[in-house]
Amino acid sequence: MPKQISAELILDAKATLGEGPIWDVRRQVLYWVDISAGKVHIFDPATGHDRAIDVGQPVGTVVPRRSGGVMVALRDGFAALDLETGALTMIADPEAHLPLNRFNDGKCDPAGRFWAGTMRQAEDRAGAGSLYRLDPDGSVHKMWDKITVSNGIAWSLDARTMYYIDTPTRMVVAFEYDLATGAIANPRPVIHTPDGPGFPDGMTIDAEGMLWVAYWDGWRVVRWDPATGQALAVIEMPVQRPTAAWFGGPNLDELYITSARTGLSEEALAQQPHAGGLFVARPGVRGLPAFEFAG
Ligand code: ZN
């Protein structure tokens, strides 16, 4: 039986589509986004203070940037965001020809390349997204296509494997990863949950190489061993739509979990009043410092 872990509400944010938590080890704050509200949040657990920057369009994810500020993947492409002024600097828009597409989840690899994928904001979205890599020199490379809802992405501790989730497949796949070139090859399923519960969304990896996957409509976050496909631990959530998890705090042992309210009925929201909140769990393992964008 997987170990049972509880999570507590730390910020009653009532986000529409909270996503993309990531800890900035230098500033000791948690960044997260409300995708549909177009907001980048900066949460300081030491004070409980949460500040939001309106970026004026859907924002799929946020990552720290080595040269200062953060990088975001927006509806209209990759951009740099100045956290003091809120100024956006657009870097590249690889899907300018696809106005219904927007960026969704993404993270940096250990070499500081920013990976993020897209999805179509329409009913007929099957296979309409792609996965891109923004290199530190500003060049953009389409790395995979025919993706429906591009989501969690993480690298193994030896950086020889890239784990990836296209949500409707209900799988975590492992690509062979070439850290020197940023090339991916030979995806194979390592975790497959065709019968649910829910759909795999955001993902992070811990210091023991185990994956933490949030399950949209699954009321849980699960810790998986990608070598065996076994569930090691389950965080039962008081909300239906947890979206992603990331380790933060001074010791990187606090697991922050975002969630969503979008699409839930009034009745459902009455039963899960903290939907859209930010939660924290202490599972007894540590995470890793986030890789920063090196450009
Ligand atoms: Zn997601």
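Note that the structure is a prediction, hence the values are computed from the model and not measured.

Rules used in this analysis
Residues numbered from 1 in each chain as written. Predicted model: local features only at pLDDT ≥ 70, side-chain atom pairs only at ≥ 80, totals over all residues. Heavy atoms only, no water. Donors = N, O, S within 2.8 Å, 3.2 Å for Na, K, Ca; no water. Helix = DSSP H or I, 4+ residues; strand = E, 2+ residues; numbered from the N terminus. Buried < 20%, exposed > 50% of the residue type's maximum accessible area, 1.4 Å probe, protein only. Salt bridge = Lys/Arg side-chain N within 4 Å of Asp/Glu carboxyl O. Polar contact = N/O pair within 3.5 Å; in protein donor to acceptor, adjacent residues only side chain to side chain. Pairing = 2+ DSSP bridges. Phe/Tyr/Trp six-rings, centres within 6.5 Å; stacked < 30°, edge-to-face > 60°.

A few words now on the coordination of the zinc ion. Around the zinc ion, the donor atoms from the protein are Glu19 (OE), Asn151 (OD1) and Asp201 (OD), and they sit 2.0 to 2.2 Å away. Sequence spacing of the donor residues for the zinc ion, all on one chain, is E-x131-N-x49-D. With Glu19 in strand β2 (residues 18-24) and Asn151 in strand β14 (residues 150-155), the pair connects residues that are 132 residues apart, well separated along the chain. Judged by its relative accessible area of 4%, Asn151 is buried.

Time to look at the pattern of salt bridges. Per the counting criterion, the structure on display carries 13 salt bridges. Two residues, Glu292 and Arg26, come together in a salt bridge whose shortest N-O distance is 2.8 Å. Of this pair, Glu292 sits in the segment after β24 (278-281) while Arg26 is found in the loop between β2 and β3 (29-34), placing the two residues 266 residues apart along the sequence. Between Asp135 and Arg133 there is a salt bridge, and its shortest N-O distance comes to 2.7 Å. Relative accessible area serves as the criterion here: at 10%, Asp135 is assigned to the buried category. Taking the relative accessible area as the measure of exposure, Arg133 reaches 6% and is therefore buried. Residues joined by salt bridges that share partners form a network here, namely Asp206, Glu208 and Arg223.

A word on the side chain of Arg223. For Arg223, the position within the fold is in strand β20 (residues 220-225). Within the structure, the side chain of Arg223 is placed 2.8 Å from the side chain of Asp206, a separation counted as a polar contact.

Attention now goes to the pairing of strand β6 (residues 59-64). In regular strands, side chains alternate between the two faces of the sheet. Burial analysis of β6 places 6 of its 6 residues in the buried class, the great majority of the element. The turn joining β6 and strand β7 (residues 70-74), which pair antiparallel and follow one another in sequence, is formed by 5 residues; a positive phi near 115 degrees is taken by Gly68.

The next thing to look at is the packing of aromatic side chains. Under the criterion given, the structure shown has 11 aromatic pairs. Ring geometry for Phe78 versus Phe103: centroids 4.7 Å apart, planes at 45 degrees, classification tilted. Linking Phe78 in strand β8 (residues 77-81) with Phe103 in strand β10 (residues 101-108), this pair joins segments that are 25 residues apart in sequence. In this structure Phe103 comes out as buried when scored by relative accessible area, which is 1%. Geometrically, the ring pair formed by Trp144 and Phe175 is edge-to-face, given 4.8 Å between the ring centres and 80 degrees between the ring planes. Taken together, the residues span a long stretch of sequence, with Trp144 in strand β13 (residues 140-147) and Phe175 in strand β16 (residues 171-178) at a distance of 31 residues.

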